[in-house]
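Residues per chain, in single letters:
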Number of protein chains: 2
Amino acid sequence: MSDSICIALDAMGGDFGPRVIIPASVDALKRHPQLTLKLVGQKSVLSPVLEKSLGKHPAAAIADRITIVNADNIIANDEKPSYALRKRGDSSMFRAISLVAEGQAQACVSAGNTGALMALGRFSLKMLPGIDRPAIITAIPSAQGVSYMLDLGANVDCSAEHLLQFAVMGSVMTRAVEGIEQPRIGLLNVGEEENKGNEQVKLASRLIREHGGLNYQGFVEGDDIFTGKVDVVVCDGFVGNIALKSSEGVARLIGSQMRSSFSASLLRRFTAWLAAPILGEIRSHIDPARRNGASLLGLQGIVVKSHGAANSTCFGFAIDQAVAEVSMDLPGSINRELESQIN
Amino acid sequence: MSDSICIALDAMGGDFGPRVIIPASVDALKRHPQLTLKLVGQKSVLSPVLEKSLGKHPAAAIADRITIVNADNIIANDEKPSYALRKRGDSSMFRAISLVAEGQAQACVSAGNTGALMALGRFSLKMLPGIDRPAIITAIPSAQGVSYMLDLGANVDCSAEHLLQFAVMGSVMTRAVEGIEQPRIGLLNVGEEENKGNEQVKLASRLIREHGGLNYQGFVEGDDIFTGKVDVVVCDGFVGNIALKSSEGVARLIGSQMRSSFSASLLRRFTAWLAAPILGEIRSHIDPARRNGASLLGLQGIVVKSHGAANSTCFGFAIDQAVAEVSMDLPGSINRELESQIN
């Protein structure tokens, strides 16, 4: 028997809130028999949606493992993190994170405001020793399988030291999750040559190289993110967010071009019918929604960020990610690695 | 009859040098009867390749319009721009740019070191009044047709004022090339809300808004590059280079996944045969090589940068781009616009 795992969900976060999160929760409970969930949000909103979702399923085994924790406020997507920190003590996001801080849940999942999630996570859970800021990491499809990339939007003004910390955390996560003994680390830049790039990456490259203990491969370029040339791509949150969203944008453009090109004639529609399973295979490898669930690394607790626009299936992937991180005690692994590198 | 146009080519630049550039030149002369070309590089290397390429074609009409200008040195891809400026006075790149500065050519095309091209361009051709640095701009495929994006790698440490200058130049170029009266300008950021982003983009957004005269739409995100939400995407060269290369990387990943998925069985190979023209159509819309030819804006002369890995067809697109910019007197248009905005 596996140990029981309790996860707190910010049930009001994201573009669709409870409409997506509650059905995803019920499905996750069916997938993970050891899982219990705490839905955090406005009880009056959540109760009817939960009742409706449970109504479709054999009651007790599921219903007993999901509870509502009331929180009256919601943090909006355009709210400043500093404001969220000051004014939203009773928000669903803050309460969900607090449950982790208080030991009442082992992880928290939110599809809400990324900046607020980082600020509240840092405030409630505290940073691991030696880490200044949380970083957002996610798996990226590559020609070799997957790579990991961080930071993806939490830190828009990073120092070279922060990039070094990201490299250490990314290396540990990739070792823990993928079982790669010495993950290859690359630093994202506009060229591979030593003299290329801005002052921040040049200094960071020197720090990562001097740090030792990391399998550092030097600079990598934007297209290397998807070749599998390295296992971990390190960058600041500004560049990482834009690189990832640009890639999603071009993938969507190719998808929409395909739909219109494939429907232009009867023969083409027949071809599309034949090609559908092939294109489906490719989509399932490339589609970022398939790996929805980015982790906030560097906190003394597990926080998983779902895409704001995630549908129920995708939000379910984020819950699965939280379950996996609890099972492997990810913050503990990072902490042990940091300590071993100091000693 | 159209006026004659003379273009200087850095015949030694790029990954393949004369092997690609000379055949591309001969083809360009066939496409453009008003064109003459000056091939700049080591005469002993260029002469035999040129003779061989000309040998296949009816001689005089083409051969009379292409001449070799000797330059003994080559600027390597990993050379620092400052070094290129100091030591490579007799390089093919420097000589090609000098021909423009001396009025012996109306434009220059190079597939060589981008940083060196910018430094030498700035040194020989000088900047337009009111512009501090050249920016690299290129057309990007979008759901609406094309957008333009700048800067793409020339400027890795930009100020907010530089981003404002890029916005002005991008707007003028898009009006000149695409005939859009008031091109919509977007500033690339990690979110659309006013409070998102680093200090540089927040300040730049204020400057562009206050400047007036531009159809400024505010912040856009990475995926907006390809939706056609704006006509011009403005960003610093570090972010722009990485966003563009990431997009090329994911497009290549999708392409390689398709090739392997479509060849997995006999039925799939038949499907691939049916789908080939459709996929070709999509590729020709998306493929960055189709629009090879990025322009250095802000100089008092025309410099077009070809991708270093361009093949002969793609280098030809870069020559076509230079021909088009000469025809529309792009630097003159930008200068007039800058003057009208001051007055």
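Note that the structure is predicted; figures quoted are calculated from it, not measured.

**Observations concerning the overall build of chain A**
If you tally the helices and strands in chain A, you get 12 helices and 11 strands. In terms of C-alpha radius of gyration, chain A reaches 21 Å, essentially the compact-globule figure of 20 Å for 343 residues. Expressed along its principal axes, the backbone C-alpha trace of chain A runs to roughly 65 × 60 × 40 Å. Buried residues in chain A amount to 59% of all 343 residues. Long-range pairs, those at least 24 residues apart, make up 73% of the contacts in chain A with a sequence separation of at least 6. Split by element, the accessible area of chain A, about 13,600 Å² in all, is 52% carbon and sulfur. Both charge centroids of chain A, one from 33 positive and one from 35 negative side chains, sit 7 Å from each other.

**Points about the interface of chain B and chain A**
Counting residues at the interface gives 57 residues for chain B and 57 residues for chain A. Across the interface of chain B and chain A, roughly 4,800 Å² is buried in total on both sides, 71% from carbon and sulfur atoms. The largest contributions to the chain B side of the interface with chain A come from Val190(B), Phe238(B) and Ile278(B), which together make up 12% of the buried area. Our count for the contact surface shared by chain B and chain A stands at four salt bridges. A salt bridge links Asp223(B) to Arg252(A), with the shortest nitrogen-to-oxygen separation between them at 2.9 Å. Counting across the interface, chain B meets chain A through six residue pairs in polar contact (both at pLDDT 80 or more). Only β5 (135-142), α8 (199-211), α9 (237-262) and α10 (266-286) of chain B provide two or more residues apiece to the side of chain B that touches chain A.

**Topic: the side chain of Asn198(B)**
Take Asn198(B): it is sitting in the loop between β7 (184-188) and α8. A relative accessible area of 8% places Asn198(B) in the buried class. For Asn198(B), the side chain forms a polar contact with the main-chain nitrogen of Val201(B), separated by 3.1 Å. Among residues more than four places away in sequence, those in contact with Asn198(B) are Val156(A), Asp157(A) and Phe238(A).

**Thoughts on the domain arrangement of chain A**
Interface size is commonly expressed as the accessible surface area that is lost when the partners come together. All names here are of chain A. Taken domain by domain, chain A holds domain 1 (1-131 + 298-343) and domain 2 (133-289). Using C-alpha coordinates to define each centre, domain 1 is positioned 25 Å away from domain 2. Each side of the interface is counted separately: domain 1 has 20 residues, and domain 2 has 16 residues. Between domain 1 and domain 2 we count zero salt bridges in total. Inspection of the domain 1/domain 2 interface yields one residue pair in polar contact (both at pLDDT 80 or more). Secondary structure elements with two or more residues in the side of domain 1 that touches domain 2: α6 (114-125), α11 (312-327) and α12 (330-342). Among the elements that line the side of domain 1 that touches domain 2, the one with the most residues is α12, at six residues.

**Digging into the relation of the copies chain B and chain A**
Structural alignment of chain B on chain A gives an RMSD of 0.0 Å, achieved by rotating through 180° and translating 0.0 Å along the axis. Such values leave the two copies arranged in the relation of a two-fold axis. Of the residues that chain B buries at the interface, 100% are likewise interface residues in chain A, meaning the two copies contact each other through the same surface.

**A short note on unusual backbone geometry**
All names here are of chain A. The omega torsion across Leu-150 and Asp-151 is 0°, close enough to zero to call that bond cis. The residue Asp-151 is located in the loop between β6 (145-150) and α7 (160-178) in this model. Non-glycine residue Asp-329 carries a positive phi angle of around 45°. Topologically, Asp-329 is positioned in the loop between α11 and α12. Classification of Asp-329 as partly exposed rests on a relative accessible area of 36%.

**Structural notes on the environment of Ile68(A)**
Residue and element names in this part refer to chain A. With respect to the element layout, Ile-68 can be found in strand β3 (residues 66-70). Spatially, the C-alpha atoms of Ile-68 and Thr-174 are 34 Å apart, while their sequence positions differ by 106 residues. In contact with Ile-68, not counting residues within four places along its chain, are Leu-39, Lys-43, Leu-46, Ser-47 and Leu-50.

The rules behind the values
- Residues numbered from 1 in each chain as written.
- Chains lettered and ligands numbered in written order.
- Predicted model: local features only at pLDDT ≥ 70, side-chain atom pairs only at ≥ 80, totals over all residues.
- Heavy atoms only, no water.
- Helix = DSSP H or I, 4+ residues; strand = E, 2+ residues; numbered from the N terminus.
- Rg over C-alpha atoms; globule rule 2.2 N^0.38 Å.
- Buried < 20%, exposed > 50% of the residue type's maximum accessible area, 1.4 Å probe, protein only.
- Contact = heavy atoms within 4.5 Å.
- Areas by Shrake-Rupley, 256 points an atom, 1.4 Å probe, with all protein chains shown as cover.
- Lys, Arg positive; Asp, Glu negative; His and termini not counted.
- Charge placed at Lys NZ, Arg CZ, Asp CG, Glu CD.
- Buried area = accessible area lost by both parts, 1.4 Å probe.
- Salt bridge = Lys/Arg side-chain N within 4 Å of Asp/Glu carboxyl O.
- Polar contact = N/O pair within 3.5 Å; in protein donor to acceptor, adjacent residues only side chain to side chain.
- Domains from an automatic or database assignment.
- Least-squares fit on C-alpha atoms with pLDDT ≥ 70 in both.

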